[in-house]
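Structural features, examined
So you can see what is in the structure, the chains are spelled out below.
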Amino acid sequence: MAGPATTHAPETPSQTGIGERLFLPSVVKGLLSTLRHMMFGESFTVEYPEESVYAVNKFPNDENRRFRGEHILVKDDQGREKCVACMLCSAACPAVCITIVPEEVDWEDRDRRPKVFEIDMLRCIYCGFCEEACPCDAIRLTPAFYQVSRTREEKVYDKEKLLNDDPDDPRGKYQSPIHPGK
Amino acid sequence: MIWSLLVAFGVFFILTNGLPPALVYAERKLAAGIQNRVGPNRVGPYGLLQPIADAIKLLFKEDVTPRGADKFLFSIAPILSFVPAALAFAIIPFGNYAGEVRLQVADLNVGILFATAIISLGAYGIAFGGWASNSKFPLLAAVRSSAQLISYEVVMALALVAMIMTYGTVRTEVMVLAQAVPLAETGPFAYLPAWGVFQQPIAFVLFVICCFAENNRAPFDMPECEAELVGGYHTEYSSMKFALFFQGEYIAMTTMSALIVTIFLGGWHFPGMDVADHSVGMGILTILVFMAKLLGVLFFYIWVRWTLPRFRYDQVMRLCWKGCIPIALVNIAITGIIGVLYS
Ligand code: SF4
Ligand code: SF4
C-alpha cells in the first residue's frame, strides 16, 4: 500500500499579523494609493471622435503598437521588398488569405521575389501568424485599423498597396526598417 | 417665526434634494479620477448636466411592476427608503443663529435618539422592496440587508452611548455647543477644539464604519452586490421608483455625514469663532463651515467606496459582532470610568 504521506499542505500566508487583522492600516494604505491616482494620475481614455487613436501618445511605451492591424510588406535599404516568396506565411495563415506567385530575379543577394502578393483583408483574422512565420522579417502587422473601402475588391491588398511607405499613411509610417516597439 | 421656518426648510430642501444629483456627478467624476478615466464629460460643460440627463431618462422609462408583485408594498418601498433619511436631517443643526433664526429645523429634546430611530426605518424600504418584488435575488438582498442593518445599528447605538456620556446630552444643538470649547485648559491640547473625534477617537472610527454599513455603501454594499445578487433589492424596479431608491441612498448618505459632522466634527463650529455672536453674517458663515465639513465627509465616503473591495457577507457579520461590538462596549466602560474619575 501507499507509504507514509509525504505531501504537506502548502504554506498559507499568515493572516494573523495585528495589522492585517485590524484592517485599518491596509485601508489607509489603499486610500493613499487611490488618492495618488485621483490627484496625479493621468487619464488613459482616448476621447475617440475628437482624438485620433493614431495621434494618441498616452502610453509610455507606445503599447498600442502591439495592436495587430493591417499588414505592410517591409522594404529593404534599396527600396525593394524583403520578401523572398518562400510561402511560409501563406502556409502558416489559418485563414488562407495570402496569395503568392513567385518569380525569379537576378539580384546578387537573392533570386526570388513575389510577382503577386495579395492579402484578402476581409478574410484575414489578424492573428499575426504570418509575421511570426516569416524568416526575413518581410511582413509585419501595423496598428492601423481604420482602413475603409467602398468595394470588396479594394480590400484585397496587392503588392503595391502592401509596400506602401508614405510616412503620412497609417500603415506606411511603420515602413521604416527599425521603428520602436517592434 | 415664519422666516425661521422658511430659512430652515429652504436649507433643508437644498441639502436633501439638491445635493444628491451633485453627489452622483461627484461620485462618477471622482471614481473616474481614481481609475485614471475621464468620467462624464459629454452632457454640458464638464458633463455637469449629466445628472439632469439621467433624471430625464429615468422619468421617461416605463414603470414596470412585475407580475405577482405585492403592488402596495412595491409602491411604498421606495418612499419608505427615501422619507426617513430626509426626515432624520431635521434634527441636524446646520448653523448657529442668523439673527433671531435658529438654523435647525427641529431642536427635539430626544435629539439623536430620534435620528437613530428614524434612520432604522429605512431598512423597511429595503426589506419591503425585496419582498414585494416576488423575485429571488431581491429577496435575498433584502434578507441580507436587514440582518446587516440590525447588526450595525447595535454598534452605532453603542458608539452613540459613549458620545452621549461624553456630552451629557442627546440634544444635537447642545452637543455642538459642548464641542465649541478648547480640548484642554492648558498644555499642547489647548489649541484643539473639543470635537468628538479628539475626545472619542475609537467611537468615531466605529461610528464611521457603522455609517458605511447603514448606508449600504462599499465596502459593506451587501444588499446590492452585483456579482451575486444581480442589482440587489431594487433589481425589479425601474423608472422613478428606482430613482427614488437611488436618491434615498444618497440622502441617507448625506444625513449620515451630517450626523458625523454634528457629533464628531464640531458641527457648524470652527476654532476661534464666538458662539454668542448671533449676527446674520456669522449665521451664514456657520452654514458654510457646516457645508464644507459635510462635503469633506461625503468626499471620504466616495473615496472609500472606490478604494476598498466588498467584504464577504460572513466577514461583514464577523467584523460587526466579534470586532466592533466588543470594542464599543469596552469604549463605553472606559468612558464611564474616566467620567467618574473626573467628575
Ligand atoms: S494575420 Fe493571420 S490571417 Fe491574417 S494574413 Fe497573417 S496569418 Fe493570415
Ligand atoms: S514568409 Fe516572409 S519571405 Fe516568406 S513569402 Fe511570406 S513574407 Fe515573403
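For the structure itself, look to the data block above.
Now for a quick tour of the structure. All of these numbers come straight from a predicted model, not from anything done at the bench.

This brings us to the overall build of chain B. Of regular secondary structure, chain B possesses twelve helices and two strands. Start at the N end of chain B and walk to the C end: the helices and strands fall as α-α-α-β-β-α-α-α-α-α-α-α-α-α. Projecting the C-alpha coordinates of chain B onto the three principal axes gives extents of approximately 65 × 45 × 45 Å. Relative to its full complement of 343 residues, chain B shows a buried share of 51%. A sequence separation of at least 24 residues applies to 78% of the contacts in chain B between residues at least 6 apart. For chain B, the centre of its 20 positive side-chain charges and the centre of its 20 negative side-chain charges are spaced 10 Å apart.

If you look at the interface, chain B gives 18 residues, while chain A gives 18 residues. Both sides of the chain B and chain A interface together cover about 1,400 Å² of buried area, and 70% of this is carbon and sulfur. The largest share of the area that chain B buries against chain A comes from Asn36(B), Arg42(B) and Trp303(B), three residues that together contribute 38% of it. Linking chain B with chain A are zero salt bridges, by the criterion used here. When residues of the side of chain B that touches chain A are traced back to their parent elements, those giving at least two are α1 (2–34) and α11 (280–305) of chain B.

So, on to the pattern of salt bridges. Residues and elements named next belong to chain A. Scanning the entire structure with this criterion turns up 16 salt bridges over all chains. The partner of Lys82 in a salt bridge is Asp137, and the shortest N-O contact between them spans 3.9 Å. Of this pair, Lys82 sits in the loop between β1 (71–73) and α3 (88–92) while Asp137 sits in the loop between α4 (129–133) and β4 (139–141), and the two are 55 residues apart along the sequence. Its salt-bridge partner being Arg113, residue Glu103 comes within 2.7 Å of it at the nearest N-O pair. Within this pair, whereas Glu103 is found in strand β2 (residues 98–104), its partner Arg113 is found in strand β3 (residues 112–120), the two being separated by ten residues in sequence. Judged by relative accessible area, Glu103 falls into the partly exposed class, the value being 22%.

With that settled, consider the side chain of Asn164(A). All names here are of chain A. Mapping Asn164 onto the fold places it in the segment after α5 (159–162). Among the polar contacts listed, one links the side chain of Asn164 to the backbone nitrogen of Asp166, at a separation of 2.8 Å. Discounting residues that sit within four places of it in the chain, Asn164 has contacts with Asp169, Arg171, Gly172 and Gln175.

So, on to the pairing of β3(A). Note: β2(A) against β3(A), seven bridges, orientation antiparallel. Residue pairing in the sheet places Ile98(A) in a bridge with Ile119(A) of β3(A).

Turning our eyes to something else, we now look at the site of ligand 2. Around ligand 2, the structure places 13 residues, and the nearest of them are Cys83(A), Cys86(A), Met87(A), Cys89(A) and Cys134(A). The residue makeup of the shell around ligand 2, split by class, is 13 nonpolar, no polar and no charged.

Moving on, we get to the sheet that holds β2(A). All names here are of chain A. As summarised here, the arrangement of the three strands in space is β2-β3-β5, forming an open sheet in which the pairing is antiparallel. Either end of the sheet is taken by a strand with one partner, and the two such strands are β2 and β5 (156–157). Both β3 and β5 contribute to a ladder of two bridges, which runs antiparallel. Residue pairing in the sheet places Ile119 in a bridge with Tyr157 of β5.

Moving on to a nonpolar patch on the surface. All names here are of chain B. On the surface, Tyr46, Leu48, Leu49, Ile52, Ile56, Leu59, Phe60 and Met240 cluster together into a nonpolar patch covering about 890 Å² of accessible area. In terms of residue count, helix α2 (residues 50–60) provides more of the nonpolar patch than any other element does, four residues in total. The exposed category is assigned to Tyr46, whose relative accessible area is 66%.

With that settled, the discussion passes to the nonpolar core. Residues Tyr152(B), Phe207(B), Phe220(B), Leu259(B), Ile263(B), Phe264(B) and Phe290(B) are the most contacted members of the largest nonpolar core, which totals 79 residues. Other than its neighbours up to four places away in sequence, Phe264(B) contacts Met163(B), Gln179(B), Trp195(B), Gly196(B), Val197(B), Gln200(B), Ala203(B), Phe204(B), Phe207(B) and Leu259(B). Judged by nonpolar contacts, the second largest core, of 21 residues, contains Ile119(A), Cys130(A), Ala138(A) and Ile139(A).

Reading the values: rules and limits
Residues numbered from 1 in each chain as written. Chains lettered and ligands numbered in written order. Predicted model: local features only at pLDDT ≥ 70, side-chain atom pairs only at ≥ 80, totals over all residues. Heavy atoms only, no water. Helix = DSSP H or I, 4+ residues; strand = E, 2+ residues; numbered from the N terminus. Buried < 20%, exposed > 50% of the residue type's maximum accessible area, 1.4 Å probe, protein only. Contact = heavy atoms within 4.5 Å. Lys, Arg positive; Asp, Glu negative; His and termini not counted. Charge placed at Lys NZ, Arg CZ, Asp CG, Glu CD. Buried area = accessible area lost by both parts, 1.4 Å probe. Salt bridge = Lys/Arg side-chain N within 4 Å of Asp/Glu carboxyl O. Polar contact = N/O pair within 3.5 Å; in protein donor to acceptor, adjacent residues only side chain to side chain. Pairing = 2+ DSSP bridges. Near = heavy atom within 4 Å. Nonpolar A, V, L, I, M, F, W, Y, C, P; charged D, E, K, R; others polar. Patch = residues over 30% accessible without salt bridge, like charges linked within 9 Å, V, L, I, M, F, W, Y side chains within 5 Å. Areas by Shrake-Rupley, 256 points an atom, 1.4 Å probe, with all protein chains shown as cover. Core = buried A, V, L, I, M, F, W, Y, C linked by side-chain atoms within 4.5 Å.

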